[in-house]
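Observations on chain architecture
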Amino acid sequence: MAEHVQVPFADLHAQYLTIKTEIDTAISEVIRTSAFIRGPYVDKFEAAFADMMNVKHCVSCANGTDSLYIAMHALGVKPGDEVIAPAHSWISTTETITQAGGKVVFCDTDPVTHTIDTAKLGALVTPRTVGIIPVHLYGQPADMDPIMALAKTHGLWVLEDCAQSHLARYKGRLVGTFGNAASFSFYPGKNLGAMGDAGAVTTNDPELAKRMAMFARHGGLTKGDHQIEGINSRLDGLQAAILSVKLPHLPQWTRRRQEIAASYQTLLSGIDGVTLPTVAESREPVWHLYVIRHERRDALAAHLKGLGIQTVVNYPVALPFLPAYRSLGHVEADFPNAHRDQSRILSLPIFPEMTPVQMLAVADGIRSFA
Ligand SMILES: *Cc1c(COP(=O)(O)O)cnc(C)c1O
């Protein structure tokens, strides 16, 4: 028998090697021109990203977490305001609600898609509710039609958390184009990743774009002109140049993720105890993560690890049950779907450079456990 095929969870270096010359040239150019903060590389990336995401404005910033905070600050969140977010996400989605001065109101997740459960959303709206943050988790769009309808009825803003969903589509339309604003992360492992921290917020509203850009840059758009107090959250020139090199490759990398997910759906079908991801009607996910469910998740992960296959749990504890939110006093029964899923979900390796041999190794590994 041959050695086990090693399957990393992701392989950033493999991606770098495919575009090494372009990346190295771009980095040298930024260094040669000392364009480290703002400057032409940042402007160029903002324009190109807005274009690909089909929105009018892109305000870049230091990371995806800041993009959520900047957007909510500009949307005018104030003390006592309630913001509804899914019970299952990365903590950035909700820690920024508190940072902006608001109160986190969790909504359970849909048992099939892991996105916010729109059937439970309406009951959470109170006179103090100001906005909703749907998260297109794992790269699958949240059910935007009922979310936008509810927001319209109650006069709420919608901020789409697109950190995991660059180029995903809902009913043929790009995510990030439905709400008042959309936040993006370019953390290295995201579908579009920098070589360090980076983020952006997009919108079609010119006034909102201006307020967000101002807030991110010490409260002013030109040096010395501080209209308000702001923060320092800038995309740097090196990251912008790197992202500009990678952006044109994103559609093709996305297609690869979709092909790999399709292969997994075939290779893993009919294995006892394994629940495969379900794609809801009219959604085109971009598979930031490929998440299966299994009642004996931890044993399965350990079995795969023994075979040289890396897996991750995104995320092991749903947000309301984290120590950070203990003060809200939630119990398991408040979010039954998020609670049930937290012990069953397992993210399998998926990245554009993954080989068919690696895919087969993952499938064989899972089959040999069952
Ligand atoms: C990665 C991520 C963020 C935050 O992005 P950073 O760039 O790491 O700050 C926000 N929301 C979700 C759902 C994420 O996955």
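Reading the values: rules and limits
Residues numbered from 1 in each chain as written. Predicted model: local features only at pLDDT ≥ 70, side-chain atom pairs only at ≥ 80, totals over all residues. Heavy atoms only, no water. Domains from an automatic or database assignment. Contact = heavy atoms within 4.5 Å. Buried area = accessible area lost by both parts, 1.4 Å probe. Polar contact = N/O pair within 3.5 Å; in protein donor to acceptor, adjacent residues only side chain to side chain. Helix = DSSP H or I, 4+ residues; strand = E, 2+ residues; numbered from the N terminus. Buried < 20%, exposed > 50% of the residue type's maximum accessible area, 1.4 Å probe, protein only. Near = heavy atom within 4 Å. Areas by Shrake-Rupley, 256 points an atom, 1.4 Å probe, with all protein chains shown as cover. Nonpolar A, V, L, I, M, F, W, Y, C, P; charged D, E, K, R; others polar.

1. Quick word on the domain arrangement of the protein
Along its sequence, the protein is organised into domain 1 (14–247) and domain 2 (249–369). Computed over C-alpha atoms only, the centres of domain 1 and domain 2 are separated by 24 Å. The interface is formed by 49 residues belonging to domain 1 together with 38 residues belonging to domain 2. When the buried surface of domain 1 facing domain 2 is broken down by residue, Phe106, Tyr138 and Asn191 rank first, second and third, together holding 20% of it. Linking domain 1 with domain 2 are 26 residue pairs in polar contact (both at pLDDT 80 or more), by the criterion used here. Put simply, the parts of the chain that give the side of domain 1 that touches domain 2 at least two residues each are α1 (12–18), α5 (92–99), β3 (103–107), β6 (169–170) and α9 (237–246). Ranked by the residues each element gives to the side of domain 1 that touches domain 2, the list is headed by β3, at three residues.

2. Regarding the environment of glycine 273
By the secondary structure assignment, glycine 273 is in the loop between α10 (250–267) and β10 (283–284). Given the relative accessible area of 46%, glycine 273 is considered partly exposed. Placed 22 residues apart in sequence, glycine 273 and glutamate 295 show a C-alpha to C-alpha distance of 7.1 Å. Sequence-distant contacts of glycine 273, defined by excluding residues within four places in its chain, comprise Arg293, His294 and Glu295.

3. Points about the site of the ligand
The ligand sits among 15 residues. The nearest are Gly64, Thr65, Gln164, Ser185 and Lys190. Contact between the ligand and threonine 65: an oxygen atom at 2.5 Å from a side-chain N or O atom of the residue. In this structure, glutamine 164 approaches the ligand through a side-chain N or O atom, which is 2.8 Å from an oxygen atom. Protein coverage of the free-state accessible area of the ligand, which is 380 Å², stands at 93%. Those elements that provide at least two residues to the shell around the ligand are α4 (64–74) and α5. Per-class residue counts for the shell around the ligand are five nonpolar, eight polar and two charged.

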